[in-house]
Number of protein chains: 2
Amino acid sequence: MSALKNDRFLRALHRQPVDRTPLWIMRQAGRYLPEYRATRQRAGDFLTLCKTPDLACEVTLQPLDRFPLDAAILFSDILTIPDAMGLGLTLDEGVGPRFTSPIREPAQIARLGVPDPEGELRYVMDAVRLIKRELDGRVPLIGFAGSPWTLATYMIEGGGGDHDFKRAKQWVYAQPDDLHRLLAIVTESVIQYLRAQRAAGVDALMVFDTWGGALAADAYRAFSLNYMAQIVEALGDEVPTILFTKGGGHWLEAIADTGCSAVGCDWTVSLADARRRIGSRCALQGNLDPAILRAPIPVIEREVAATLNAFGAGPGHVFNLGHGITPDINPDHVAALVAAVHRGI
Amino acid sequence: MSALKNDRFLRALHRQPVDRTPLWIMRQAGRYLPEYRATRQRAGDFLTLCKTPDLACEVTLQPLDRFPLDAAILFSDILTIPDAMGLGLTLDEGVGPRFTSPIREPAQIARLGVPDPEGELRYVMDAVRLIKRELDGRVPLIGFAGSPWTLATYMIEGGGGDHDFKRAKQWVYAQPDDLHRLLAIVTESVIQYLRAQRAAGVDALMVFDTWGGALAADAYRAFSLNYMAQIVEALGDEVPTILFTKGGGHWLEAIADTGCSAVGCDWTVSLADARRRIGSRCALQGNLDPAILRAPIPVIEREVAATLNAFGAGPGHVFNLGHGITPDINPDHVAALVAAVHRGI
């Protein structure tokens, strides 16, 4: 493995000084890029794209060939783990993710196994190895997984659900012991999966807690944060970790207390507030409102400057959007965003 | 108007001592009640129910006849104001609210008038007068309106939208001056509407900021909170006011700083944290996760006690859910919740 030619991103995660704020973009390899849509069409469907290392590598690198970004992120999906557990994932555009065999009865939990990262999930590790080789040290590679609570939510709801999470919340309130058993298996799976990604070469790891923000404060700690903390602890200090709970703006201190390297902030958070609250405990990643990319370029430039200003001087900021980029964005607007971050405040 | 026989709710809003924590339930007059569904069927559709004072009065009183609640809330909808402005509201079950003439061009703003609360909106004031007479002082009556930002979002999106608020956010970032002009007219309409509700007899006023939580922190202050603050100031001290921003948990201090009587908290907020942060500036309303009402009764009882405990001793708590009750809830579970709040910690 080559030494990294650009380590701004890793330095920022360690709160070390950098020449300028590093940036990457959540879902930077995605449908807003015509070259992505072309590869996706060749693949036939999204899941084949994820499961074919050559193609996953190709789309991972596409945004880096277009924009001078400071990190690559593995092209994959958070639902690879439940898919490998045998729940039968389908990912159709317009419908969203669906499992053919969701978890409906506690008895099903005993039949779930921890997937072998170099077995059922080998396609992910092969993609990591291939991407690392192709990157040849240009920028660090980020690996990732869904948070145990978010994965369990999908597994119980059988899909994205109506964002009310009726079934998953039934488990929270009426079957908490069953839910903890499910979360324990999912957590062990996530730990083995992320360790294998690390062994395959990723330089940093991010946990996406997409649905943690739907929980009441106490339930968030018990059913989501607690398991993310176990993951951070299991991964130890050898690889930087980023925890991102969408809608978790009022829990930033507790997230930082897990010992993660950085807290991902959605666009509703004020980075100035977040920094005051978290202090020097860890770095911050975020958090431009993705909707701003639809505005004229001078507005994008103004809002990038406002985001950099909100964080202020000093180390520990990784610039990003506050959520994934949407398919309708003009790539020229992304180029303008990247240039604005490069110019700095 | 009779003197109130039960003023717990108003005393709590003023942070005065009470014999027990008062409670009411957001959407307490709603589809979970068979008697509501019967009246609704007689009315034919939701909008007719809102616009017929006799029927609006009937459903407002139904939950009070069933449960010993400490406040009634006017049965109406936040979209009465844009409807009265001529946007053509339809409210079909399953589809949600839709406007036949949404605001798509800034030129439309100049043609919007402030509705006359005793003209186009007289049916609301007639309902308030009728409900006050029928209540005969049993409990206080809460009037309400949507926040200017939330109403403007519906007016621009033409309905509930996809919760991405693409059009409304375009206005935030690319046409902020137009949006401020629209918000100014909507704010004036809300102020006149709430003043008229007060004149017609309501005892407290609540502003529902359903979509404020979708905004970035700076945009929330500029486009939502700023206008709610104008409303609180315009209403003055003669009537207690409650501001509720769903997803606004990290902005509670700023909401309290408007001078409102109480901050409504959604279920993601820890009331203990909220109280530490807000101190004695105002009262708090909330915040049981509505999903808990689907759990077995002992769980409901435990979680009610946890919510009361989280607020702790001392005045200034109005018990409520953290969001509206959903149509699938068993009324017996609501009875259990009410009894548990009455028992206290």
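Reference entry: report on the structure contained in this document. (Residues numbered from 1 in each chain as written. Chains lettered and ligands numbered in written order. Predicted model: local features only at pLDDT ≥ 70, side-chain atom pairs only at ≥ 80, totals over all residues. Heavy atoms only, no water.)

Observations concerning the packing of aromatic side chains
Alright, step 1. This model, assessed by the stated rule, comprises 14 aromatic pairs over all chains.
Alright, step 2. Ring plane angle 55 degrees and centroid distance 5.6 Å describe the contact between A:Tyr36 and A:Phe75, whose orientation is recorded as tilted. Separated by 39 residues along the polypeptide, A:Tyr36 in helix α2 (residues 34–43) and A:Phe75 in the loop between β1 (72–73) and α5 (80–87) bring together distant segments of the chain. No difference in accessibility class separates A:Tyr36 from A:Phe75, as the two residues are buried.
Alright, step 3. Ring centres of B:Tyr154 and B:Trp211 lie 6.3 Å apart, and the angle between their planes is 50 degrees; this geometry places the pair in the tilted category. Of this pair, B:Tyr154 sits in helix α7 (residues 148–157) while B:Trp211 is found in the loop between β5 (204–209) and α10 (217–235), placing the two residues 57 residues apart along the sequence. The pair B:Tyr154 / B:Trp211 is uniform in exposure class, with both members buried. (Phe/Tyr/Trp six-rings, centres within 6.5 Å; stacked < 30°, edge-to-face > 60°. Helix = DSSP H or I, 4+ residues; strand = E, 2+ residues; numbered from the N terminus. Buried < 20%, exposed > 50% of the residue type's maximum accessible area, 1.4 Å probe, protein only.)

Section: the sheet that holds strand β8 (residues 283–288) of chain B
Residues and elements named next belong to chain B.
Alright, step 1. Sheet architecture is open: 7 strands sit in the order β1-β4-β5-β6-β7-β8-β9, paired in parallel fashion. Each edge of the sheet is formed by a strand with only one pairing partner; in this case those strands are β1 (72–73) and β9 (317–321).
Alright, step 2. When β8 meets β9, the two strands line up parallel, connected through 5 bridges. Bridging across to β9, Gly286 finds its partner in Phe319. (Pairing = 2+ DSSP bridges.)

Some remarks on the environment of B:Asn226
Alright, step 1. Examined against the element boundaries, B:Asn226 turns out to sit in helix α10.
Alright, step 2. For the pair B:Asn226 and B:Phe67, spaced 159 residues apart in the sequence, the C-alpha separation amounts to 37 Å.

A few points about the relation of the copies chain A and chain B
Alright, step 1. If you rotate chain A by 180 degrees and push it 0.0 Å along the axis, it lands on chain B with an RMSD of 0.0 Å. Given the turn and translation reported, the copies of this chain are related as if by a two-fold rotation axis. When C-alpha distances to the rotation axis are compared across chain A, the minimum falls at A:His250, with a value of 2.4 Å.
Alright, step 2. Interface residue correspondence from chain A to chain B reaches 100%, placing this contact among same-surface, isologous pairings. (Least-squares fit on C-alpha atoms with pLDDT ≥ 70 in both. Contact = heavy atoms within 4.5 Å.)

Some thoughts on the pattern of salt bridges
Alright, step 1. All chains considered together, the criterion is met by 46 salt bridges over all chains.
Alright, step 2. For B:Arg42, the salt bridge identified is with B:Glu58, shortest N-O distance 2.4 Å. Of this pair, B:Arg42 sits in helix α2 (residues 34–43) while B:Glu58 sits in helix α4 (residues 53–66); the two residues are 16 residues apart in sequence, bridging distant segments of the chain.
Alright, step 3. A network of salt bridges, in which partner residues are shared, links A:Arg8, A:Asp19, A:Arg20 and A:Asp70. (Salt bridge = Lys/Arg side-chain N within 4 Å of Asp/Glu carboxyl O.)

Looking at the side chain of B:Asp83
All names here are of chain B.
Alright, step 1. Tracing the backbone shows Asp83 in helix α5 (residues 80–87).
Alright, step 2. Classification of Asp83 as buried rests on a relative accessible area of 15%.
Alright, step 3. Excluding residues within four positions of it along the chain, Asp83 makes contact with Lys51, Gly88, Leu89, Phe99 and Tyr123.

Brief notes about unusual backbone geometry
Alright, step 1. Here A:Gly286 and A:Asn287 are connected by a cis peptide whose omega angle stands at 0 degrees.
Alright, step 2. By the secondary structure assignment, A:Asn287 is in strand β8 (residues 283–288).
Alright, step 3. Positive phi outside glycine occurs at A:Arg27, with the angle close to 60 degrees.
Alright, step 4. With respect to the helices and strands, the residue A:Arg27 is situated in the loop between α1 (8–13) and α2.
Alright, step 5. Positive phi, close to 50 degrees, is recorded for B:Asp136, a residue that is not glycine.
Alright, step 6. Under the relative-accessibility criterion, B:Asp136 is labelled partly exposed at 40%.

Regarding helix α14 (residues 331–343) of chain A
Side chains three or four residues apart in an α-helix point the same way, a direct result of the helix having 3.6 residues per turn.
Residues and elements named next belong to chain A.
Alright, step 1. A rise of 1.5 Å per residue sets the reference length of α14, with its 13 residues, at 18 Å; its end C-alpha atoms lie 19 Å apart and thus fit the reference within 8%.
Alright, step 2. Those residues of α14 that are buried lie in contact with α2, α4 (53–66), β8, α13 (297–311) and β9 (317–321).
Alright, step 3. One side-chain oxygen of the residue at the start of α14 lies 2.8 Å from the amide nitrogen of Asp332, identifying that residue as Asn330.
Alright, step 4. Just beyond α14, the residue with positive phi is Gly344, at close to 80 degrees. (Expected span 1.5 Å × (residues − 1). Polar contact = N/O pair within 3.5 Å; in protein donor to acceptor, adjacent residues only side chain to side chain.)

Comments concerning the interface of chain A and chain B
Alright, step 1. Chain A puts 30 residues into the contact, and the matching count from chain B is 30 residues.
Alright, step 2. Looking only at chain A, the three residues that lose the most surface to chain B are A:Tyr173, A:His250 and A:Thr268, adding up to 28% of its buried area.
Alright, step 3. Across the chain A-chain B interface, the total number found is 2 salt bridges.
Alright, step 4. The interface formed by chain A and chain B holds 8 residue pairs in polar contact (both at pLDDT 80 or more) in total. (Buried area = accessible area lost by both parts, 1.4 Å probe.)

Some thoughts on the packing of helix α7 (residues 148–157) of chain A against helix α8 (residues 166–174) of chain A
All names here are of chain A.
Alright, step 1. Look at α7 against α8: their axes get within 8 Å of each other, and the N-to-C directions meet at 115 degrees. Helix-helix and strand crossings are classified by hand; for α7 and α8 the assignment is right-handed. Of the residues in α8, those touching α7 at Trp149, Thr153, Ile156 and Glu157 are Lys166, Arg167, Ala168, Trp171 and Val172.
Alright, step 2. Residues that form the contact of α7 with α8 fall into these classes: 5 nonpolar, 1 polar and 3 charged. (Axes fitted to C-alpha atoms, helices over the stretch in contact; angles between N-to-C directions. Left-handed = near helix turned anticlockwise from the far one by under 90°. Nonpolar A, V, L, I, M, F, W, Y, C, P; charged D, E, K, R; others polar.)

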